[in-house]
Amino acid sequence: MTVQTANLTGLDLRAEIDRLRKERNAVILAHYYQKPEIQDLADFVGDSLELSRKAAATDADVIAFCGVKFMADTAKILSPQKIVVLPDLDAGCSLEDSCPPEKFKAFREAHPDHIALTYINCSTEVKALSDIIVTSSSAETILNQIPRDQKIIFGPDRHLGGYLSRKFDRPMLLWPGVCIVHEAFSETELLKLKAQHPGAPVAAHPECPPAIIDHADMVGSTSAILDFAKTFEGDTLIVATEPHIIHQMERALPNKTFIGAPGADGNCNCNICPYMALNTLEKLYLALRDLQPRIEIEEGLRLAAKKSLDRMLEMASATVGKGDLGAR
Ligand code: 13P
Ligand code: SF4
């Protein structure tokens, strides 16, 4: 989406965003992968599950969602009476793109004895075709409540599905999607980095491929990785997820060193999520000013998708919640 920024020259964007947030009775929700300047002015920064819970519970009139489209869609599914704006509607996700609804429907129909346990990183249509949604912080809690003899399709992230399958010794039919960001970490470069920082633990998101997970001391959602960063005993932590989360670590622990795991070229720029990076302060200002781009979902589709999301929210609350994937 092209945004005209010329007429914004000279505007104090932070002050204007603050003014509009109050005027509109808006809440600004941001994912940990957003740029630091967006994280810093958000009302709440969190992982996918925490942001869904906030969206469902807010009494604001407007939700300005600084994340990607499936997250803003989730907010609208759970809070249909609110105006939900996403600063850039092109902020998609490679996992969502990997799973076209018609193909997913055909796959489900070919396996009628399987339930579909589906990662929240998917379209509203795929949520409507699923039985239970999971996030990386709720997947383990939810999987533990499904009888062992129940056959499961897990999509669209084959790495998260494969990780759960190996950890719990539960075969699952895996949809072949990947996150382009986590897929780009290099095992060779990670081993070089570990050699340069002997003793530094590696914290990895379960969207990473097994070659990276195999070298991790801790595997978990963004919030679980952040909790680990706040409690590990050393001086240096290697972080194998989108590097903007390091902003929160450096704020909380300014005397420790956090290093983003490298991509194949030896630096971590290829691990910045290009979709998350589309949101800017300028676009957030315009979204609050114009209440556009706005998320709209047809009511029948919304209600169908809400069933699998409601099951997630119920089942995720059955035990602890965040940080479940923490121990390997
Ligand atoms: P979590 O924040 O739920 O761990 O998800 C990470 C992610 O991929 C968001 O796109
Ligand atoms: Fe999608 Fe990966 Fe970006 Fe998350 S980091 S939004 S999974 S492409």
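Procedures and definitions
- Residues numbered from 1 in each chain as written.
- Chains lettered and ligands numbered in written order.
- Predicted model: local features only at pLDDT ≥ 70, side-chain atom pairs only at ≥ 80, totals over all residues.
- Heavy atoms only, no water.
- Helix = DSSP H or I, 4+ residues; strand = E, 2+ residues; numbered from the N terminus.
- Rg over C-alpha atoms; globule rule 2.2 N^0.38 Å.
- Buried < 20%, exposed > 50% of the residue type's maximum accessible area, 1.4 Å probe, protein only.
- Contact = heavy atoms within 4.5 Å.
- Areas by Shrake-Rupley, 256 points an atom, 1.4 Å probe, with all protein chains shown as cover.
- Near = heavy atom within 4 Å.
- 1 Å grid on protein atoms, 1.4 Å probe; cavity = no way out; pocket = protein on both sides within 12 Å on 5 of 7 lines; lining within 4 Å.
- Sits in = over half its atoms within 2 Å of the grid points.
- Pairing = 2+ DSSP bridges.
- Axes fitted to C-alpha atoms, helices over the stretch in contact; angles between N-to-C directions.
- Polar contact = N/O pair within 3.5 Å; in protein donor to acceptor, adjacent residues only side chain to side chain.
- Nonpolar A, V, L, I, M, F, W, Y, C, P; charged D, E, K, R; others polar.

Caption draft 1: Quick peek at the overall build of the protein chain. Broken down by element type, the protein chain carries 16 helices and 12 strands. For the protein chain, whose C-alpha radius of gyration is 19 Å, the value lies close to the compact-globule estimate of 20 Å for 328 residues. In terms of overall dimensions, the protein chain has a C-alpha envelope of 55 × 50 × 35 Å along the principal axes. Split into buried and exposed, the 328 residues of the protein chain put 58% on the buried side. Across the protein chain, contacts joining residues at least 24 apart in sequence account for 66% of those joining residues at least 6 apart. On the protein chain, roughly 13300 Å² of surface is accessible, and the fraction owed to carbon and sulfur atoms is 51%.

Caption draft 2: View of the site of ligand 2. What surrounds ligand 2 is the set Tyr33, Val68, Cys93, Ser94, Leu95, Asn121, Cys179, Val181, Glu207, Cys273 and Tyr275. Of all the cavities here, the one that holds ligand 2 is the largest cavity.

Caption draft 3: Layout of the pairing of strand E5 (residues 114-119). In terms of burial, E5 is largely enclosed, as six of its six residues are buried. What you see with E5 is no split at all: His114, Ala116 and Thr118 on one side and Ile115, Leu117 and Tyr119 on the other are buried throughout. Pairing analysis gives five bridges linking E5 to strand E7 (residues 151-155), with the strands arranged parallel. Bridging from a neighbouring strand, histidine 114 pairs with lysine 151 of E7. Sheet topology places E5 next to strand E6 (residues 132-134); three bridges connect them, and they run parallel. Of the residues in E6, the one forming a bridge with tyrosine 119 is valine 134.

Caption draft 4: Quick look at the sheet that holds E7. What the four strands build is an open sheet, ordered E6-E5-E7-E8; its pairing is parallel. Edge positions in the open sheet fall to E6 and strand E8 (173-174), since each of these has one partner strand only. Sheet topology places E7 next to E8; two bridges connect them, and they run parallel. Of the residues in E8, the one forming a bridge with isoleucine 153 is leucine 173. Packing against the sheet, helix H6 (residues 101-110) makes contact with E5, E7 and E8, and its axis sits at approximately 150° to E5.

Caption draft 5: Representation of the site of ligand 1. Surveying the vicinity of ligand 1 reveals 13 residues, the closest of which are His31, Ser136, His205, Glu207 and Thr222. Within the side chain of threonine 222, an N or O atom sits 2.5 Å from an oxygen atom of ligand 1. About the coverage of ligand 1: the protein hides 96% of its 300 Å² of free accessible area. Under a 2 Å grid-point criterion requiring more than half of the atoms, the pocket assigned to ligand 1 is the largest cavity. When the residues that make up the shell around ligand 1 are grouped by side-chain class, the tally is four nonpolar, seven polar and two charged.

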